[in-house]
Amino acid sequence: MFLRRLAAIVPCSTSTRFFCSKDSLDLARTIAELNKEMESVFGEPPPDGLANSGNRSFLAQEPQHNSHVNLSCTSDKFTAQELHSISHNLDENAPGLTHVGSTGKAQMVDVSPKENSSRTAIATCKVLLGEKVFDLVLANQIAKGDVLSVAKIAGINGAKHTSTLIPLCHNITLAHVRVDLSLNPEDFSVDIEGEAASTGKTGVEMEAMTAVSIAGLTVYDMCKAASKDIQITDIQLECKTGGKSGYWRRGD
């Protein structure tokens, strides 16, 4: 970490001067100069002092092939090694990305080998209106009309068009879509819950999440004339059933 900080701050010419070796390297003098340089840069010497770091062999070793050592290059090489190690660990431990093919390009997953199963998903989101807009929606005084009713229809319609909005989603036949909106006086918000159901080879999580997202956007559109501060937050999947992974619920 010290060498990385030094390489980022000390000019290359300085680091080259420190590690230039024609006859022999005066290690003690070099360490003293490094400590002095660090004190001038950071306002204080290194916490443990490089004088106590004489056992760090990489400082004492002379270059065998080059007369100068470039600290920034050493740092870059070390970073590349770290990235390679991280990538290797991910390859071994992380689950595969089903929407990425062997060449690294996006692909639509082939679900034909899967068996049909009954699938459901429930998602939620919240629209923070603020007290002024909340009171207008509650009294049905928004100029565009009944906010909650329009948003409900929009959410259902959004679920049915998920595959045209999300490029790699499958075009599935939905058996049921439910979108419920309720006013929450505690934080002057609209709480939205959406549910999608289907019998098929792929899940309906995206349909449920699209339903609540489109409903939330519709609430914003209906109310934007009254306020631009409205926020759509906490779009998330709450639970799903069916398929190979079976039942899942947030927090379990």
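Structure report, in brief.

Cut-offs and rules
- Residues numbered from 1 in each chain as written.
- Predicted model: local features only at pLDDT ≥ 70, side-chain atom pairs only at ≥ 80, totals over all residues.
- Heavy atoms only, no water.
- Helix = DSSP H or I, 4+ residues; strand = E, 2+ residues; numbered from the N terminus.
- Contact = heavy atoms within 4.5 Å.
- Areas by Shrake-Rupley, 256 points an atom, 1.4 Å probe, with all protein chains shown as cover.
- Core = buried A, V, L, I, M, F, W, Y, C linked by side-chain atoms within 4.5 Å.
- Buried < 20%, exposed > 50% of the residue type's maximum accessible area, 1.4 Å probe, protein only.
- Phe/Tyr/Trp six-rings, centres within 6.5 Å; stacked < 30°, edge-to-face > 60°.
- Pairing = 2+ DSSP bridges.

As for the overall build of the protein
Next up, step 1: Assigned secondary structure in the protein consists of nine helices and five strands.
Next up, step 2: Overall, the protein shows an N-to-C arrangement of helices and strands of α-α-α-α-α-β-α-α-α-β-β-α-β-β.
Next up, step 3: For the protein, restricting intrachain contacts to residue pairs at least 6 apart in sequence, the fraction spanning at least 24 positions comes to 69%.
Next up, step 4: When the accessible surface of the protein is summed, it comes to about 15700 Å², and 54% of that surface belongs to carbon and sulfur atoms.

Brief notes about the nonpolar core
Next up, step 1: Leu-129, Ile-192, Val-219 and Cys-223 are the most contacted members of the largest nonpolar core, which totals 28 residues.
Next up, step 2: Those elements that provide at least two residues to this core are β1 (117–128), α6 (131–138), α7 (147–160), β2 (176–184), β3 (189–200) and α9 (205–223).
Next up, step 3: Among the elements that line this core, the one with the most residues is α9, at seven residues.
Next up, step 4: Here Val-219 is in contact with Val-127, Leu-129, Val-147, Ala-151, Leu-181 and Val-190, once residues within four sequence places are set aside.

Comments concerning the packing of aromatic side chains
Next up, step 1: In this structure the tally under the stated criterion is one aromatic pair.
Next up, step 2: When the centroid spacing of 5.6 Å and the interplanar angle of 70° are considered together, the rings of Phe-134 and Phe-188 count as edge-to-face. Of this pair, Phe-134 sits in helix α6 while Phe-188 sits in the loop between β2 and β3, and the two are 54 residues apart along the sequence.
Next up, step 3: Residue class for Phe-188 comes out partly exposed when judged on its relative accessible area of 27%.

As for unusual backbone geometry
Next up, step 1: In the Ramachandran plot, Asn-140 falls in the positive-phi region, its phi being about 55° despite a non-glycine side chain.
Next up, step 2: As for its position among the elements, Asn-140 is in the loop between α6 and α7.
Next up, step 3: Its relative accessible area of 44% is what places Asn-140 among the partly exposed residues.
Next up, step 4: With a phi close to 55°, Asp-234 is a non-glycine residue in the positive phi region.
Next up, step 5: By secondary structure assignment, the location of Asp-234 is in strand β4 (residues 231–241).
Next up, step 6: Of the residues examined, Asp-234 reaches a relative accessible area of 48% and is grouped as partly exposed.

Focus: the pairing of β4
Taken residue by residue, a regular strand's side chains alternate between the two faces of the sheet.
Next up, step 1: Across eight bridges, β1 lies against β4 in antiparallel orientation. Bridged to Ala-123 within β4 is Leu-237.
Next up, step 2: Here β4 runs beside strand β5 (residues 248–249); their pairing, made up of two bridges, is antiparallel. Looking at β5, one finds that Cys-239 is bridged to Arg-249.

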